[in-house]
Amino acid sequence: MRSLCLLLKPNKIEKGLDCVIVNFDHMDSDMGQPVTNKTLVETLQQFKNEMLSHFDTKLDTIHNSVHQMQDSLNSMKTTVGELEGRVGSNQDELSRLETRIKQLEKQNSYLAEKVEDAENRSRASNIRLLRVPEGSEGRDMIGFVGQLLIQLFGQDKLPSPLVIERAHRSPGTPNPNPKTAPRPILVRFLHFQDKLNILRLSRDKKELLLKGNRVHIYPGFSAGLMEKRRLFTTVKKKLRDLDIEYAMQYPATLRVHVEGKKLFFRSPDEAEIFIRDFSQQSP
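Just so you know, the residues in each chain are numbered from 1, in the order the chain's sequence is written. With pLDDT at 70 or above as the cut-off, local features in this predicted model cover only qualifying residues; side-chain atom pairs require 80 or more to be listed or tallied, and sums for whole chains, interfaces and linings still use all residues. Remark: hydrogens and water are excluded; side-chain values derive from all non-hydrogen atoms of the structure.

An unreviewed UniProt entry lists the protein under the name L1 transposable element RRM domain-containing protein, from Oryzias sinensis.

Draft legend 1. Region of the structure containing the overall build of the protein. Here a strand is any run of E in DSSP of at least two residues, a helix any run of H or I of at least four, and the numbering for each starts at the N terminus. When helices and strands are tallied, the protein shows 7 helices and 10 strands. Each residue is assigned to one of three classes by its accessible area relative to the maximum for its type, calculated with a 1.4 Å probe on protein chains only: buried under 20%, partly exposed between the two thresholds, exposed over 50%. Looking at the protein as a whole, 27% of its 283 residues are labelled buried. Note on definitions: a residue-residue contact is assigned when non-hydrogen atoms from the two residues lie within 4.5 Å. Residue pairs at least 24 apart in sequence account for 53% of intrachain contacts in the protein once pairs closer than 6 positions are excluded. Accessible surface for the protein amounts to roughly 20500 Å². Of this, 53% is attributable to carbon and sulfur atoms. To be clear on the numbers: accessible area is Shrake-Rupley with a 1.4 Å probe, and residue cover counts the displayed protein chains and nothing else.

Draft legend 2. Quick look at the side chain of Arg128. When you line up the elements, Arg128 lands in strand E3 (residues 126-130). His is not counted, nor are the chain ends; Lys and Arg add positive charge and Asp and Glu add negative charge. By definition here, a salt bridge exists when the distance from a side-chain nitrogen of Lys or Arg to a carboxyl oxygen of Asp or Glu is within 4 Å. An unpaired buried charge is present at Arg128: no salt bridge exists, and Glu227, the closest side chain of opposite charge, is 10 Å distant. With near-sequence residues (within four places) excluded, Arg128 lies in contact with Pro184, Ile185, Leu186, His216, Ile217, Tyr218, Pro219, Gly220 and Met226.

Draft legend 3. Local environment of the pairing of strand E10 (residues 261-265). DSSP bridges decide pairing: two strands pair if at least two such bridges lie between them. In this structure, strand E9 (residues 253-258) lies alongside E10, joined through 5 bridges in antiparallel fashion. Directly across from Val256, in E10, lies its bridge partner Leu263. Hairpin remark: E9 followed by E10, antiparallel, with 2 residues in the connecting loop; positive phi at Glu259, about 55°.

Draft legend 4. Representation of the sheet that holds E9 in the model. Here 3 strands make up an open sheet; going across it, the order is E8-E9-E10 and the pairing antiparallel. Each end of this open sheet is capped by a strand with a single partner; those strands are strand E8 (245-249) and E10. The mean inter-strand angle of the sheet, taken between neighbouring strand axes irrespective of direction, is 25°. All axes here are fitted lines through C-alpha atoms, helices being fitted over the stretch that makes contact, and every angle between N-to-C directions spans 0 to 180 degrees.

Draft legend 5. Focus on helix H2 (residues 37-122). The span you would expect from a helix comes to 1.5 Å times its residue count less one. Over its 86 residues, H2 runs 123 Å from end to end, which matches the ideal 128 Å to within 8%, given 1.5 Å per residue. What H2 keeps buried is the set Thr39, Thr43, Phe47, Met51, Glu116 and Asn120.

Draft legend 6. View of the sheet that holds strand E5 (residues 185-189). Strand order in the open sheet formed by 5 strands is E4-E5-E3-E7-E6, with antiparallel pairing between adjacent strands. Either end of the sheet is taken by a strand with one partner, and the two such strands are strand E4 (164-169) and strand E6 (208-210). Taken pair by pair, the neighbouring strands of this sheet meet at an average axis angle of 25°, ignoring direction. Looking at chain direction, E4 and E5 are connected through 5 bridges and run antiparallel. Bridging from a neighbouring strand, Ala167 pairs with Val187 of E5. Contacting E3, E4, E5, E6 and strand E7 (213-219), helix H3 (residues 141-153) runs over the sheet at an angle of about 95° to E4.

Here is the structure:
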């Protein structure tokens, strides 16, 4: 049997097709005549045309797929470009908003300080009495406070009568538990100098007793300012242990007298550093 195998590159036309076999004996029987060079050339030409047609069909499919992929890529490129533009616009807007928020925070902080300062100035003539037993005031709080201050400091220290505009307990329900601290008494004087005089007398006497109970007198500041001053509580205790004179200045500045100098601390951390250094230097 005579045959010819035309080698092909694998997987180029059909998977698993390595060659095309042309059987010349079969051609002899079909044509009824021997195979000549012309017949072989025609057969090969026909085979070539069939193969080219097959290739063209496959290539058209590939071209269509490539074109679809190219269209998809172009669409994705357009979408990515739009997204990049939006992201850039959002970043610019975010930067603008961050700047605006910082401005508003700064403005809000400034306004909050102004409001707190205005509130405390409205309380300039106020004091707070702490640890005065509940119910001891009876029905006349103003009269009670006037007599209490004379009792604490003496008539000689308060020769002129104090003019009290208002006096009342801090809002809340009285607690009958004797272990619970009584509610503070808030007092407002008509004259600012009376308030300063009472605070000065309180500092000079240091210990105020009412029927065996120690009473404390403080300026009547707002809750926010009192919290800022309360942060210095631990520092003030350490200063007392070191026998260092100190005082709180408005609004919340600690003034320390040491070695003939006056030092001012606006935060507890600054005062803690001073105390640490002073303790190391002391013998």
